[in-house]
Amino acid sequence: MNLSALTAVLTLVIGIIYSIQSYNLPRATIGSPMAPVYFPLGLGVLMAIFGIILLTQSVKRGDFKDMANKEKGLTYTGKLIAYTCFVSIIYALIFEEAGFVISTILFLGSILFVVNGKDQWKTNTIVAVSFSLGIYIVFSKMLGIILPPLPFLYI
């Protein structure tokens, strides 16, 4: 099964689960009781429809045939996607404790090191630090949007 077929199956499953969960949202007490349900339910149904479309295209192309004859292991792109998912989960877990700046520096730095390589470490570090600090200053000071601060210092 290639990446397109796997994406089709995952999209279909997530779309169905999302639709079921959206339908179970609490109803509104004022106005139309189903009003808060329409948009998320529509997103879930669209996701399921797109999953079905992608699944039928994968079946027509024969992506599910000869799965035993395919090479084992992930391609470079597959490894990059898996690494990005792993790093994103770590980012979400440390975000509140480490604060926006530190967690974003670590997240962006790790992604940049994988994409650009170790030879570009100066550029990767400068971009990660300047982007994280710049976004923190713009959002927290200029726009007044509260982001988790640095754990030991308030800018």
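Above this text is the structure in question.
Residues numbered from 1 in each chain as written. Predicted model: local features only at pLDDT ≥ 70, side-chain atom pairs only at ≥ 80, totals over all residues. Heavy atoms only, no water.

Peer 1: Please explain the overall build of the chain as it appears in this structure.
Peer 2: Of regular secondary structure, the chain possesses 4 helices and 0 strands. In sequence order, the secondary structure elements of the chain are arranged as α-α-α-α. The burial tally for the chain puts 23% of its 155 residues in the buried class. Pairs at least 24 apart in sequence give 56% of the contacts found in the chain among residues at least 6 apart. (Helix = DSSP H or I, 4+ residues; strand = E, 2+ residues; numbered from the N terminus. Buried < 20%, exposed > 50% of the residue type's maximum accessible area, 1.4 Å probe, protein only. Contact = heavy atoms within 4.5 Å.)

Peer 1: Could you clarify how one ought to interpret the nonpolar core in this entry?
Peer 2: A general tendency of soluble globular proteins is for nonpolar side chains to be buried together. Residues Tyr91, Phe95, Phe100, Val101, Tyr136 and Leu147 constitute the largest nonpolar core, which totals 6 residues. Ranked by residue count, the leading element in this core is helix α3 (residues 76-116), at 4 residues. (Core = buried A, V, L, I, M, F, W, Y, C linked by side-chain atoms within 4.5 Å.)

Peer 1: Can you help me understand the side chain of Ser103 in this one?
Peer 2: Relative to the elements of secondary structure, Ser103 occurs in helix α3. Its relative accessible area of 0% is what places Ser103 among the buried residues. At 2.6 Å, the side chain of Ser103 and the backbone oxygen of Gly99 are in polar contact. Among the polar contacts listed, one links the side chain of Ser103 to the backbone oxygen of Phe100, at a separation of 3.3 Å. (Polar contact = N/O pair within 3.5 Å; in protein donor to acceptor, adjacent residues only side chain to side chain.)

Peer 1: Could you clarify how one ought to interpret the packing of helix α1 (residues 3-23) against helix α2 (residues 35-61) in this entry?
Peer 2: Two numbers describe how α1 lies on α2: the axes approach to 7 Å, and their chain directions differ by 155°. Accordingly, the angle class assigned to the pair α1 and α2 is roughly antiparallel. Handedness of the crossing formed by α1 with α2: left-handed. Tallied by class, residues from the contact of α1 with α2 come to 18 nonpolar, 9 polar and 1 charged. (Axes fitted to C-alpha atoms, helices over the stretch in contact; angles between N-to-C directions. Parallel < 35°, antiparallel > 145°, perpendicular 65-115°, else oblique. Left-handed = near helix turned anticlockwise from the far one by under 90°. Nonpolar A, V, L, I, M, F, W, Y, C, P; charged D, E, K, R; others polar.)

Peer 1: What is the right way to look at α3 in this model?
Peer 2: Note: α-helices contain 3.6 residues per turn, so residues at a spacing of three or four share the same orientation. With 41 residues, α3 extends just 14 Å between its outermost C-alpha atoms, more than 12% less than the 60 Å of an ideal straight helix rising 1.5 Å per residue. Along α3, the largest kink reaches about 130° and is centred on Gly99. Phi turns positive, to about 95°, at Gly117, one or two residues after α3. (Expected span 1.5 Å × (residues − 1). Bend = angle between axes of the 7 residues up to and from the residue.)

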